[in-house]
Amino acid sequence: MIEGRLLPGMVPTAVQEIVPVVEQRQLARDTYFLRLACPAMAAQILPGQFLMLRAPELTDPLLGRPFALYDTYADDEGRPAGIDVVYTVIGKMTGLMSTWTPGKDVEVWGPLGNGFPPPPSGRLMMVAGGIGQTPFLAVGREALGTKSYGLPARAPQSLPSDVTLCYGARSRDYLAGIDDFQRAGINVKIATDDGSAGHHGFVTELLGQAINEGEAPNLVYCCGPEPMMESVAEILQAAGIKGYVSLESPMACGFGACFSCVTRILMDDGTWDYRRTCVEGPVFPAERVLFDQ
Ligand code: FES
């Protein structure tokens, strides 16, 4: 049974609750892992969906902030028990979050957004920049058939033969969760701006290399800074490869009411229209997103 207050409007299964922090630890430079006890959300959430978080006792910051699902965790009986998120400290809200300790009450609402579609067979490549790797642990686990998400649990029709994460960061210090991805059976390729780990250069170059070397993926999922996603979309279009991008638009409500998150999306007839990233996204077909707004 789903507990908590049902949100009105576009997301009839989302819940809004006050839940406790279970664990907080640093994963990398300025980057933290936060575990929250919220079984109702954990039972439903899909890879690529997100939740909103805020401190219920504060009016500054007043608005919640969106965080992608990193993974769910289960209790001793194997029942969904809560949600893990990974975030980088870049402002007031995330600075505040880094001070939260176990037992702290947090306001959450979600699951929100559409999430990534279950991948078909073939090579799946996930291209991430900055903190954009966070949706891809759950995506990879589901794709490899080692974990199920959703209510009822969603099962891939046919499993990809190969699941690879191409992960770009400023330097080695900022790489977060590599062990988690490798333990999950995901191939990990690294790129860093300063060459301190992996390929010295842009993560998009790893995608280009794979295509040039005859190892082109059949499908690409991408999340990260907008210029990187735009570059990935261009590479995919040139190579004729299907891709999806997860947009990191600023959000205020997270459930379709405020229109603070709109982005321009190409329609079937070649015109464009605004779409709300929080309910019609955050995942869109790469070829549909107009990045030059
Ligand atoms: Fe309010 Fe999307 S964040 S409509």
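Cut-off values and rules
Residues numbered from 1 in each chain as written. Predicted model: local features only at pLDDT ≥ 70, side-chain atom pairs only at ≥ 80, totals over all residues. Heavy atoms only, no water. Helix = DSSP H or I, 4+ residues; strand = E, 2+ residues; numbered from the N terminus. Buried < 20%, exposed > 50% of the residue type's maximum accessible area, 1.4 Å probe, protein only. Contact = heavy atoms within 4.5 Å. Areas by Shrake-Rupley, 256 points an atom, 1.4 Å probe, with all protein chains shown as cover. Lys, Arg positive; Asp, Glu negative; His and termini not counted. Charge placed at Lys NZ, Arg CZ, Asp CG, Glu CD. Pairing = 2+ DSSP bridges. Core = buried A, V, L, I, M, F, W, Y, C linked by side-chain atoms within 4.5 Å. Axes fitted to C-alpha atoms, helices over the stretch in contact; angles between N-to-C directions. Parallel < 35°, antiparallel > 145°, perpendicular 65-115°, else oblique. Left-handed = near helix turned anticlockwise from the far one by under 90°. Nonpolar A, V, L, I, M, F, W, Y, C, P; charged D, E, K, R; others polar. Phe/Tyr/Trp six-rings, centres within 6.5 Å; stacked < 30°, edge-to-face > 60°.

**Considering the overall build of the protein chain**
No. 1: Along its length, the protein chain carries 6 helices and 17 strands.
No. 2: Counting only C-alpha atoms, the protein chain reaches 50 × 45 × 40 Å along its principal axes.
No. 3: Taking all 293 residues of the protein chain together, the buried fraction comes to 53%.
No. 4: Look at the contacts in the protein chain between residues 6 or more apart in sequence, and 63% of them connect residues 24 or more apart.
No. 5: Roughly 12,800 Å² of accessible area belongs to the protein chain as shown, and the carbon and sulfur atoms make up 52% of that amount.
No. 6: Averaging the coordinates of the 22 positive side-chain charges in the protein chain and doing the same for the 33 negative ones gives two points 2 Å apart.

**Here's the deal with the pairing of strand β4 (residues 50-54)**
No. 1: β4 sits mainly inside the fold: 5 of its 5 residues count as buried.
No. 2: Of the two faces of β4, the one holding F50, M52 and R54 and the one holding L51 and L53 are both buried throughout.
No. 3: The pairing of β4 with strand β5 (residues 65-68) spans 4 bridges and is antiparallel. Among the inter-strand pairings, F50 is bridged to a residue of β5, identified as A68.
No. 4: Alignment of β4 against strand β8 (residues 105-112), held across 4 bridges, turns out to be antiparallel. Across the sheet, M52 pairs through a bridge with W109, a residue of β8.

**Describing the nonpolar core**
No. 1: Ranked by internal contacts, the top residues of the largest apolar core, which has 29 residues, are L124, M126, F136, L165, I186 and Y221.
No. 2: Contributions of two or more residues to this core are made by β9 (123-129), α3 (136-143), β10 (162-169), α4 (178-183) and β13 (219-223).
No. 3: What L165 contacts, discounting residues up to four positions off in sequence, is M126, A128, F136, F181, I186, N187, V188 and K189.

**As for the sheet that holds strand β14 (residues 242-246)**
No. 1: With mixed pairing, the 7 strands of this open sheet are ordered in space as β12-β11-β10-β9-β13-β14-β17. Lying at the two open borders of the sheet, with one neighbouring strand each, are β12 (199-200) and β17 (283-285).
No. 2: The sheet contact formed by β10 and strand β11 (residues 187-192) spans 6 bridges and is parallel. Considered in β11, the bridge of Y167 is made with I190.
No. 3: Here helix α6 (residues 226-239) sits on the sheet in contact with β9, β13 and β14, set at roughly 165° to β13.

**A few points about the packing of helix α5 (residues 204-212) against α6**
Packed helices, taken two at a time, are described by the angle between their axes plus the distance between the axes.
No. 1: Viewed as axis vectors pointing N to C, α5 and α6 meet at an angle of 10°, and their least axial separation amounts to 10 Å. In this view, α5 runs roughly parallel relative to α6, as classed from their interaxial angle. By crossing handedness, the relation of α5 to α6 is classed as right-handed. Residues T204, L207 and I211 of α5 form the contact with α6, whose own contacting residues are M228, S231, V232, I235, L236 and A239.
No. 2: Tallied by class, the residues present in the contact of α5 with α6 amount to 7 nonpolar, 2 polar and no charged.

**Overview of α3**
No. 1: The element α3 is largely enclosed, with a buried count of 7 among its 8 residues.
No. 2: Every buried residue of α3 is accounted for by F136, L137, A138, V139, G140, E142 and A143.
No. 3: Elements in contact with the buried residues of α3: β6 (71-74), β9, β10, α4 and β13.
No. 4: G145 sits one or two positions beyond α3 and adopts a positive phi of about 75°.

**A closer look at the packing of aromatic side chains**
No. 1: A full pass over the atoms with the stated rule returns 8 aromatic pairs.
No. 2: Here the aromatic rings of F33 and Y70 are separated by 6.4 Å at their centres, their planes lie at 85°, and the arrangement is edge-to-face. On the criterion of sequence distance, the pair formed by F33 in strand β3 (residues 31-37) and Y70 in the loop between β5 and β6 is long-range, its members being 37 residues apart. Residues F33 and Y70 agree in their burial class; the two are buried.
No. 3: An angle of 75° between the planes, with centres 5.9 Å apart, marks the rings of Y221 and Y244 as edge-to-face. Residue Y221 is located in strand β13, and its partner Y244 is located in strand β14; the two are separated by 23 residues in the primary sequence.

**Notes on the environment of P61**
No. 1: With respect to the helices, strands and loops of the structure, P61 is situated in the loop between β4 and β5.
No. 2: Along the chain, P61 and K92 lie 31 residues apart, while their C-alpha atoms are 7.3 Å from each other.
No. 3: Ignoring anything within four residues of it in the chain, the contact list for P61 reads R54, K92, M93 and L96.

Structural measurements only, silent on function.
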